[in-house]
Amino acid sequence: MRLRKQQGSLVPVLLLGLILSVVSGAGLLLSTHLAQGTSARRAVILARQIAEGASSSVRARLSEDYRNSALVRGEWLRRLLLPVSDPQSRYQANTARPDLQLYLQTSAPEVAANPDQQYNAPGLLHLKDYPPGDVYARIFPLADPMTGQVRDLEVRVSVYLPGADQTVSHTLEGRGQEIFDFALLARTPNCQFCHLQVQGNVGALTHLRPGYEHFVADKSSRADINFDEGTGEEDPSGPANFAGWGDGDRTGESEDAGTQMTDNALASSIWGDIFAYQWITNDKSDFNPDTGQATRLNGVSLKSDSSFPNQISTRYFGPLFYLWRGSDVNVNGRLDDFPPIDRDTLASTAQGSVEGGERLQVVPPGESYTPGKSGALPAVVRGQAVLVGETPGPDNAYCRTATRPLVLTGEVFVQGDIVLRGCVRGRGALYSGRNLYIAGDVIYQNPPGTGGNYRAASDPDSVARTDIQAGKDSLHLAADGNILIGDYTSNDGGTLRPYRDRTGELHLRARFGLDTGVQVAVRANEGVLEELIQDAQGNTRTSSGALVDVSDVQRLEGYEALVRPAYLDSSGKLALWMSDAQYREILQQSVPGGEDSVSTWRINASTYRISLEYPAASGQQISDTLKNLASSADTTKLAACRAFLVENLLFNTNSTTNQAELADVERRAAAIVAMIQTGVTGWSETGFAHLTTRGGYSGDDAIVSILNRAFSVDAGGQPVYNYAVPRPTQVQRVDAFLYSPHRIAGFTNGTNLVINGGTVAAEIALSAPGVGGAQASWVGNNALKERITAKGDQVNPYNGSQYNYTQVNYDYRLRNGSSPQHIRRLNTAEFIRQSSDAPSGDTAIKKVCRNAKCN
């Protein structure tokens, strides 16, 4: 094979001696794992291992030149990036060392951003063939997004073997690009921006338009014009006019009141950069696409100071999206597929344990949960795991003085579900082969010095490195299925719970389209239910892209199969290993937000349907919306509407015998029915509820917001209302980085939620509006309005944040050497491939397809 010139730069053939020494050692460790996998899986692992070895070799040569140069780091980087013909370049400085000189070539940043278009650009290093495959490398400058100054290098190595292609990416210091530099990343995180404060970067893999998308909200009410959200391209039928993508006429205003406010419970804020695969909206924004600067985006305030000026990167295809530059599994033409956790590697290499706590249990496959306590959890668990630490609270200084925390060391892989709550100590990761349920607060005993919000420090990275060296607690939670926060249950011993007690379930169903009757494709994978993907061509695939034979696919009720702790029993039917009641026993009960808070529930009377026997005693069932029943002249239908409301307004267990309370509740129900009938937006003092008549995505729905309150009488027989109503515990704090290739979701009411780590998933649906300005804006009772407003200004002692907001704080340790290690990019490689029909002795290079549009 001859060397050939490309635009003045050599494409050298490099020796693999250094690579082989790395690969041989790692190969011995993987021999057992390789023997257990399929031939395709073995090829993937081998390709990746070769790439890792090659990357180590390239980085070792770069480090060698840096040491030899006696230059300061910044000057060495400057000279390394000079053209190879420049006399000052590190390439020219090593003419006497051809073995080292060959590694001292870099590729332009635009090649990193568009490898499919720049596949043949200068700077390509062709490492000597590794029969029967090829190894290639490129070295890219990594610039600080705020200053533009080059701070580091990225080394990417691609390996091509028969049946497997892999690319790995590391910085010069060895940091893998399986890092997560986002506080919030999802395909479409738009709906998260309501009452949300983000301390860290935000990423979107489709068009970014923060906020609800209906006419009432002072957020994006219509699809951006001249823009095709399916392809992320400008609409060819309209003019190319970025200013038309939204009306751009408002400045971070209150969603409900429509009045300009510099800060309110409904206004979201981002302290960080924004990265988007596509363009972003121009709704209510001063975004300048030329400079990448803005102070607001669709009503979301973009915060910055001299230390952290924000930057918006559109059409971004850089190293921070490395994990998502993989296979187009669902064949939709976009790179928006989230890679699964590496179950095979975890099953054979995980090293860790969980000890201590109040309850540690393993539920073997096919068995049901019985409360108890077992010993420490090993590194690999077959079945399900229940991990309960001491309950955080003021008595243990919110875990600081806890005596029974869960003690985590290293990596633990549970092949099925994990149920987790309580105080945690140690450093490590929990990986679930299916769902991970956060059944209460998860709080570090030895938290980082910033308390979780690293951006409160002047140099977050420095503080993060100090925390790593000090051994501060650190937890990564990754699930191959979903991560579910709080209450998802709906039943009490087979009986459907009242609507007000099913807000978590109803939220999940609505956000993920899992209404009753909706079925999904799953299969049993080593006894664990695995969600499958239907691609655009009608094929059924796993999350990693493997085709699934139709005989292995089952279609089951979506919510039951994907959300509940379920498995397939010996007869092939869906069964629960933990009942709703058992889960709520772990979740426990408390007053959300404390004695001085309030909790609410909301129902869309225009869409929620009630089934009833009609005509009465006929045995015939009908179903109609709450609004239609309330507006009906038929007494049976009207009675059904009132009965539904009475059931959800009663709280005391002896309510049916307490005539005074029953009469009070019936008056409330009648007032709410009257509100729905009149259809006038406003507050009902008798109903203690508020009606919005132009809500929902249609902009024409009747939405009723109702405060929870319990009734009693004082010594004089006068009614007393207590708003501190015990509810299933609402999760207020999660100290962990969360990752799922599918969904992260949860519902918190009556208090706020803070996640110290980050959230990365294909779909994120966290509803935690806090308490304060949100309710105060529609409550008409002045005393209650003052109570709510005062509560919103308080700081929640559980999480250190105001009750007004939900907050996601990025854990800067993730990008400083403490990232999850077993979330692997989908099987692919990029940049180049050697053509099989090239003329003998020559190399013809062609681009590698990254998605369905490539040719």
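The rules we used
- As a convention, each chain's residues are numbered from 1 in the sequence order in which they are written.
- With pLDDT at 70 or above as the cut-off, local features in this predicted model cover only qualifying residues; side-chain atom pairs require 80 or more to be listed or tallied, and sums for whole chains, interfaces and linings still use all residues.
- The basis for every side-chain value is the complete set of heavy atoms in the structure, and neither hydrogens nor water enter the calculation.
- We count a stretch as a helix when DSSP gives it H or I for four or more residues in a row; a strand needs E for two or more, and each element gets its number in order from the N terminus.
- For each residue, the accessible area found with a 1.4 Å probe, counting protein chains only, is set against the maximum for its type, and the residue is called buried under 20%, exposed over 50%, and partly exposed in between.
- Throughout, a contact is declared for two residues whenever any of their heavy atoms are within 4.5 Å.
- Only the protein chains shown count as cover for residues, and the accessible areas themselves come from Shrake-Rupley with a 1.4 Å probe.
- We define a polar contact as two N or O atoms separated by no more than 3.5 Å, with the added condition that, inside protein, one atom must be a possible hydrogen donor and the other a possible acceptor, whereas residues neighbouring each other in sequence contribute only through side-chain atom pairs.
- When DSSP finds two or more bridges between a pair of strands, those strands are recorded as paired.
- In this analysis, axes come from line fits to C-alpha atoms, helices being fitted only over the stretch in contact, and the angle between any two N-to-C directions falls in the range 0 to 180 degrees.
- Angles below 35 degrees are treated as roughly parallel, those above 145 as roughly antiparallel, those between 65 and 115 as roughly perpendicular, and all remaining angles as oblique.
- Each helix crossing is assigned a hand: it is left-handed if the near helix lies turned anticlockwise from the far helix by less than a right angle, otherwise right-handed if that turn is clockwise.
- Three classes are used: nonpolar for Ala, Val, Leu, Ile, Met, Phe, Trp, Tyr, Cys and Pro, charged for Asp, Glu, Lys and Arg, and polar for all others, with Gly counted as polar.
- By definition here, a salt bridge exists when the distance from a side-chain nitrogen of Lys or Arg to a carboxyl oxygen of Asp or Glu is within 4 Å.
- Space inside and on the surface of the protein is sampled on a 1 Å grid over the protein atoms alone, with a cavity defined as a set of points where a 1.4 Å probe fits but cannot get out and a pocket as an open set with protein on both sides within 12 Å along at least 5 of 7 lines; lining residues have an atom within 4 Å of a point.
- Grid points are joined across faces, edges and corners, and a volume is the space filled by probe spheres set on the points.
- Each direction from the helix axis to a C-beta atom contributes to the arc, which is the arc of those directions.
- Note on aromatic pairs: the rings of Phe, Tyr and Trp (six-membered ring only in Trp) are paired at centre separations within 6.5 Å, and the planes decide the class, stacked below 30 degrees, edge-to-face beyond 60, tilted for the rest.
- Comment: the charge-over-ring label is applied if NZ (Lys) or CZ (Arg) is within 6 Å of the ring centre and within 35 degrees of the ring normal.
- Here the nonpolar core consists of buried residues drawn from Ala, Val, Leu, Ile, Met, Phe, Trp, Tyr and Cys, with membership extended through side-chain atoms lying within 4.5 Å.
- By definition, disulfides here are pairs of cysteine sulfur atoms that lie within 2.5 Å.
- Known as pLDDT, the predictor's confidence for each residue is given on a scale from 0 to 100.

J.: Hey, could you run me through the overall build of the chain in this one?
T.: Scanning the chain from terminus to terminus reveals 15 helices and 50 strands. Looking at the chain residue by residue over its 855 residues, the buried ones come to 58%. Long-range contacts, defined as pairs at least 24 residues apart, comprise 62% of the intrachain contacts of the chain with a sequence gap of at least 6. For the chain, the exposed surface amounts to about 33200 Å²; the carbon and sulfur share of it is 49%.

J.: Just checking my understanding: could you explain the environment of L753 for this structure?
T.: In this structure, L753 sits in the loop between β46 (733-747) and β47 (754-767). Among residues more than four places away in sequence, those in contact with L753 are V731, Q732, R733, V734, T748, A768, N799, Y805, T806 and Q807.

J.: How do you make sense of the side chain of N756 when you look at a structure like this?
T.: When you line up the elements, N756 lands in strand β47. Side chain to side chain, N756 and N809 meet in a polar contact 2.8 Å long. Setting aside chain neighbours within four positions, we find N756 in contact with G451, G452, N453, R733, V734, D735, A736, F737 and N809.

J.: Before we go on, may I ask you to explain the side chain of H195 in this structure?
T.: Looking at the element boundaries, H195 is found in the loop between β8 (184-186) and β9 (196-199). Classification of H195 as buried rests on a relative accessible area of 5%. Among the polar contacts listed, one links the side chain of H195 to the backbone oxygen of P769, at a separation of 3.1 Å.

J.: In this structure, what is going on with the sheet that holds strand β29 (residues 519-525)? I would like to understand it.
T.: Sheet strands pair by backbone hydrogen bonding; their relative direction is either parallel or antiparallel. As summarised here, the arrangement of the three strands in space is β30-β29-β33, forming an open sheet in which the pairing is antiparallel. Lying at the two open borders of the sheet, with one neighbouring strand each, are β30 (528-531) and β33 (554-557). The average angle at which neighbouring strand axes cross in this sheet is 50°, direction not considered. Where β29 lies against β30, four bridges are found, and the strand directions are antiparallel. Bridge pairing in β30 places A524 opposite L529.

J.: What is the right way to read the packing of helix α12 (residues 635-649) against helix α13 (residues 659-678) from this model?
T.: The angle between the axes and the distance between the axes are what describe a pair of packed helices. At a minimum axis distance of 9 Å, the contact between α12 and α13 shows a crossing angle of 125°. By the angle between their directions, the pair α12 and α13 is classed as oblique. Handedness of the α12/α13 crossing: right-handed. Listed contacts from α13 to L638, C641, R642, L645, V646 and L649 of α12 are L662, V665, E666, R668, A669, I672, V673 and Q677. Considered class by class, the residues forming the contact of α12 with α13 number 10 nonpolar, one polar and three charged.

J.: Just to check I follow, could you spell out the pattern of salt bridges for this structure?
T.: Between side chains of opposite charge, pairing is possible as soon as their charged atoms come close. Counted by the stated rule, this structure contains 35 salt bridges. Between R815 and D181 there is a salt bridge; the shortest N-O distance is 3.2 Å. Here the residue R815 occupies a position in the loop between β48 (806-810) and β49 (833-834), and D181 occupies one in the loop between β7 (164-171) and β8, the gap between them amounting to 634 residues. Look at D181 and you get buried, because its relative accessible area is 9%. Of the charged contacts in the structure, one is a salt bridge between D461 and R815, with a shortest N-O distance of 2.8 Å. Here R815 lies in the loop between β48 and β49 and D461 lies in helix α7 (residues 460-470), a separation of 354 residues in the sequence. Since its relative accessible area comes to 21%, R815 is described here as partly exposed. Ionic contacts of the salt-bridge type, sharing partners, join the residues R61, E64, R97 and D99 into one network.

J.: So what exactly am I meant to see when it comes to empty space enclosed by the protein here?
T.: Tallying each qualifying case throughout the model produces eight cavities of 30 Å³ or more. Around the largest cavity, the lining comprises 18 residues; the ones closest to its centre are R500, T503, R727, Q730 and F747. By residue class, the composition of the lining of the largest cavity is five nonpolar, nine polar and four charged.

J.: Even after reading the chapter, I still don't get α7, so can you show me in this structure?
T.: Count 3.6 residues to each turn of an α-helix, and residues three or four apart come out pointing the same way. Taken residue by residue, α7 has P460, D461, A464 and D467 as its buried positions. Down the axis of α7, the buried side of the element spans an arc of 120°, and every buried residue falls inside it. Exposed residues pointing more than 90 degrees away from the buried face of α7 are listed as Q469 and A470. G471 sits one or two positions beyond α7 and adopts a positive phi of about 75°.

J.: Just checking my understanding: could you explain the packing of aromatic side chains for this structure?
T.: Each pair of aromatic rings is reported with the distance of its centres and the angle of its planes. By the definition in use, this model includes 22 aromatic pairs. Grouped by ring-pair contacts, the aromatic residues F182, F275, Y277 and F321 constitute a single cluster. A cation over an aromatic ring shows up here: R500 above the ring of F651, its NZ or CZ 3.9 Å from the ring centre. The lysine or arginine in question, K791, covers the ring of Y803, its NZ or CZ lying 4.0 Å from the ring centre.

J.: What is the right way to look at the environment of Y431 in this model?
T.: Assignment of secondary structure puts Y431 in strand β23 (residues 418-432). Put simply, Y431 and Y739 are 308 residues apart on the chain and 9.5 Å apart in space, counted from C-alpha to C-alpha. Those residues in contact with Y431 that sit more than four places away from it in its chain are I341, L346, E411, V412, F413, V414, I418, A478, P820, Q821 and H822.

J.: Please clarify how unusual backbone geometry should be interpreted in this entry.
T.: Backbone geometry places A397, a non-glycine residue, at a positive phi of 50°. Among the secondary structure elements, A397 is positioned in the loop between β21 (384-388) and β22 (406-414). Although it is not a glycine, C399 adopts a positive phi angle of roughly 90°. With respect to the helices and strands, C399 occurs in the loop between β21 and β22.

J.: I would appreciate a short explanation of the pairing of strand β44 (residues 719-722) in the present structure.
T.: Within a regular strand, the side chains alternate between the two sheet faces. Examined bridge by bridge, strand β43 (residues 710-713) and β44 share four bridges and lie antiparallel to one another. By the bridge assignment for β44, A710 is matched with N722.

J.: Would you take a moment to explain the nonpolar core for this structure?
T.: It is characteristic of soluble globular proteins that their nonpolar side chains tend to be buried jointly. Ranked by internal contacts, the top residues of the largest apolar core, which has 86 residues, are F321, W324, L387, L430, I438, L477 and L738. Sequence-distant contacts of F321, that is, excluding residues within four places in its chain, are made with F182, L185, G203, A204, L205, F275, A276, Y277 and Y316. Membership of the second largest hydrophobic core comes to 31 residues, among which are L484, L508, L556 and A765.

J.: Sorry if this is basic, but what is going on with the state of the cysteines here?
T.: Joining two cysteines, a disulfide is a covalent bond between their sulfur atoms. In this structure the tally under the stated criterion is one disulfide. The disulfide partner of C399 is C423, and the S-S distance across this bridge is 2.0 Å. Looking along the S-S bond of the C399-C423 disulfide, the torsion reads about -80°, which is the left-handed sense. A residue pair is termed long-range when its members are at least 10 positions apart, and C399 in the loop between β21 and β22 and C423 in strand β23 qualify at 24 residues.

J.: Looking at this structure, I do not really get helix α8 (residues 503-512). What am I missing?
T.: Within α8, eight of the 10 residues are buried, which leaves the element mostly enclosed by the surrounding structure. Residues of α8 that are buried make contact with β26 (482-485), α9 (558-562), β37 (600-604), β46 and β47. Directly after α8, the chain includes G513, whose backbone phi takes a positive value near 65°.

J.: Which parts of the structure should I look at to understand the confidence of the model for the chain?
T.: When pLDDT drops low, the exact placement of atoms in the prediction is not to be read closely. Here the chain averages 80 in pLDDT, while 79% of its residues score no lower than 70. Predicted confidence for residues 238-265 stays below pLDDT 50, and this span has 69 contacts to residues more than four positions away or in other chains. Below a pLDDT of 50 lies the segment residues 827-855, which in the model reaches 92 contacts outside its immediate sequence neighbourhood of four places, other chains included.

J.: Teacher, can you tell me more about the environment of Y454 here?
T.: For Y454, the position within the fold is in the loop between β24 (436-444) and α7. Taking the C-alpha atoms as reference points, Y454 and R813, separated by 359 residues in sequence, lie 9.2 Å from one another. Not counting residues up to four positions away in its chain, the partners in contact with Y454 are P448, P460, V463, A464, D467, Y810, D811, Y812 and R813. Reaching out from Y454, the side chain makes a polar contact with the side chain of R813 at a distance of 3.2 Å.

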